[in-house]
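Tertiary structure, described
Here is what each chain is made of, one letter per residue.
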Amino acid sequence: YFDLQENLLVLRDSIARGVADLSIFTLMLLTMMFGFCVAGMNIFGQESDNYIDIERSFTALFLMVLGEFDFDEMYAINPGFAYGFFIMYQFFIFLIMVNIFLAILNDAYAVAHTGAVWQQLERRTPPHMRERTATRKAMWREAKNLRYVKRFKKEKIKQAKKAQKE
């Protein structure tokens, strides 16, 4: 199906080109998430069921990226750490890491799309003599029309100046 539909082929190529970068990115993202999981367990784990172990902490942090979180519970446990933890997590994971993810996909798509355009241009056949002749005729007609418009404008300007003098 990918070979039949060019848009899907570009999508497949962009994902294939981005796999190496995305695997390194995923490793870095999981490392950062693990660090925030441990921090969340240390700060909120004694009193919150959401941060009692690594699994639940990871789930809570993943849901936090998606926008589903209970900040009031974190604030009730430790207000200072709640603000600091939440802001740092949102800044590093949501703002920075999600934008890096999108940049990787955007670069891969740009390369794949450019390659597809070049392939399409290479497949084009050179124009036939009839097409070249028709193109030249159209260009000649356009140049003739432009000369006519310029002459017409000059005549109108002369007439306007003549009328102004009178």
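Residues numbered from 1 in each chain as written. Predicted model: local features only at pLDDT ≥ 70, side-chain atom pairs only at ≥ 80, totals over all residues. Heavy atoms only, no water.

**A closer look at helix α2 (residues 54-66)**
Counted at 1.5 Å a residue, the expected span for α2 with its 13 residues is 18 Å, and the 18 Å between its end C-alpha atoms agrees. Lining the buried residues of α2 we find α1 (6-44), α3 (71-77) and α4 (79-123). Gly-67 occupies a position one or two residues after α2 and carries a positive phi of about 100 degrees. (Helix = DSSP H or I, 4+ residues; strand = E, 2+ residues; numbered from the N terminus. Expected span 1.5 Å × (residues − 1). Contact = heavy atoms within 4.5 Å.)

**Quick word on the layout of surface pockets**
When its volume is computed, the largest pocket comes out at roughly 180 Å³. Residue lining of the largest pocket: Phe-25, Leu-29, Leu-30, Met-33, Phe-58, Phe-62, Val-65, Ile-93, Met-97, Val-98 and Phe-101, and that is the complete set. Split into classes, the residues belonging to the lining of the largest pocket amount to 11 nonpolar, no polar and no charged. (1 Å grid on protein atoms, 1.4 Å probe; cavity = no way out; pocket = protein on both sides within 12 Å on 5 of 7 lines; lining within 4 Å. Points joined across faces, edges and corners; volume = space filled by probe spheres on them. Nonpolar A, V, L, I, M, F, W, Y, C, P; charged D, E, K, R; others polar.)

**Here's the deal with the pattern of salt bridges**
The full count for this structure, using the stated rule, is 1 salt bridge. Here Arg-12 ties to Asp-13 by a salt bridge, and the two come within 3.7 Å at their closest N and O atoms. Residue class for Arg-12 comes out partly exposed when judged on its relative accessible area of 36%. (Salt bridge = Lys/Arg side-chain N within 4 Å of Asp/Glu carboxyl O. Buried < 20%, exposed > 50% of the residue type's maximum accessible area, 1.4 Å probe, protein only.)

**Some remarks on the nonpolar core**
Grouped together as the largest cluster of nonpolar side chains are 20 residues, with contacts concentrated most on Phe-44, Tyr-51, Leu-61, Met-64, Met-74 and Tyr-89. Residue assignment for this core shows that the elements contributing at least two residues are α1, α2, α3 and α4. Those residues within four positions of Met-74 in sequence are excluded, and the remaining contacts are Phe-44, Tyr-51, Met-64, Ala-82 and Phe-86. (Core = buried A, V, L, I, M, F, W, Y, C linked by side-chain atoms within 4.5 Å.)

**Some points on a positive patch on the surface**
Positive charge collects at one region of the surface, where Lys-150, Lys-153, Lys-154 and Lys-158 lie side by side. Here Lys-158 lies in helix α5 (residues 129-165). (Patch = residues over 30% accessible without salt bridge, like charges linked within 9 Å, V, L, I, M, F, W, Y side chains within 5 Å. Areas by Shrake-Rupley, 256 points an atom, 1.4 Å probe, with all protein chains shown as cover. Lys, Arg positive; Asp, Glu negative; His and termini not counted. Charge placed at Lys NZ, Arg CZ, Asp CG, Glu CD.)

**Points about a nonpolar patch on the surface**
There is a patch of nonpolar side chains on the surface, built from Met-88, Phe-91, Phe-92, Phe-94, Leu-95, Ile-96 and Ile-100 and spanning about 590 Å² of accessible area. Structurally, Ile-96 is set in helix α4. Owing to a relative accessible area of 31%, Ile-96 belongs among the partly exposed residues under this scheme.

**With respect to α4**
Between the first and last C-alpha of α4 there are 64 Å, a value that for 45 residues agrees with the 66 Å anticipated at 1.5 Å per step. For α4, the set of buried residues is Ala-82, Phe-85, Phe-86, Tyr-89, Gln-90, Ile-93, Met-97, Ile-104, Ala-108 and Ala-112. Contacts from the buried residues of α4 go to α1, α2 and α3.

**Quick notes on the packing of aromatic side chains**
Working definition: an aromatic ring pair is given by the centre-to-centre distance plus the angle between the planes. Applying the stated criterion to the full structure yields 14 aromatic pairs. Aromatic pair Phe-71 and Tyr-83: ring centres 5.3 Å apart, planes at 50 degrees, arrangement tilted. With Phe-71 in helix α3 and Tyr-83 in helix α4, the pair connects residues that are 12 residues apart, well separated along the chain. Using a relative accessible area of 45% as the deciding quantity, one classes Tyr-83 as partly exposed. By the ring-pair criterion, three or more aromatic residues cluster together here, those being Phe-36, Phe-44, Tyr-51, Phe-85 and Tyr-89. (Phe/Tyr/Trp six-rings, centres within 6.5 Å; stacked < 30°, edge-to-face > 60°.)

**As for the side chain of Gln-90**
Position of Gln-90 among the secondary structure elements: in helix α4. Those residues in contact with Gln-90, other than ones at most four positions away along the chain, are Met-64 and Leu-95.

**A few points about the packing of α1 against α2**
Between α1 and α2, the shortest axis-to-axis distance is 9 Å and the interhelical angle comes to 110 degrees. Compared by their axis directions, α1 and α2 come out roughly perpendicular. Pair α1 / α2 crosses with right-handed handedness. Contacts between α1 and α2 involve Leu-30, Met-33, Phe-34, Phe-36, Cys-37, Val-38 and Met-41 on the former and, on the latter, Ile-54, Ser-57, Phe-58, Leu-61 and Phe-62. The class makeup of the residues in the contact of α1 with α2 is 11 nonpolar, 1 polar and no charged. (Axes fitted to C-alpha atoms, helices over the stretch in contact; angles between N-to-C directions. Parallel < 35°, antiparallel > 145°, perpendicular 65-115°, else oblique. Left-handed = near helix turned anticlockwise from the far one by under 90°.)

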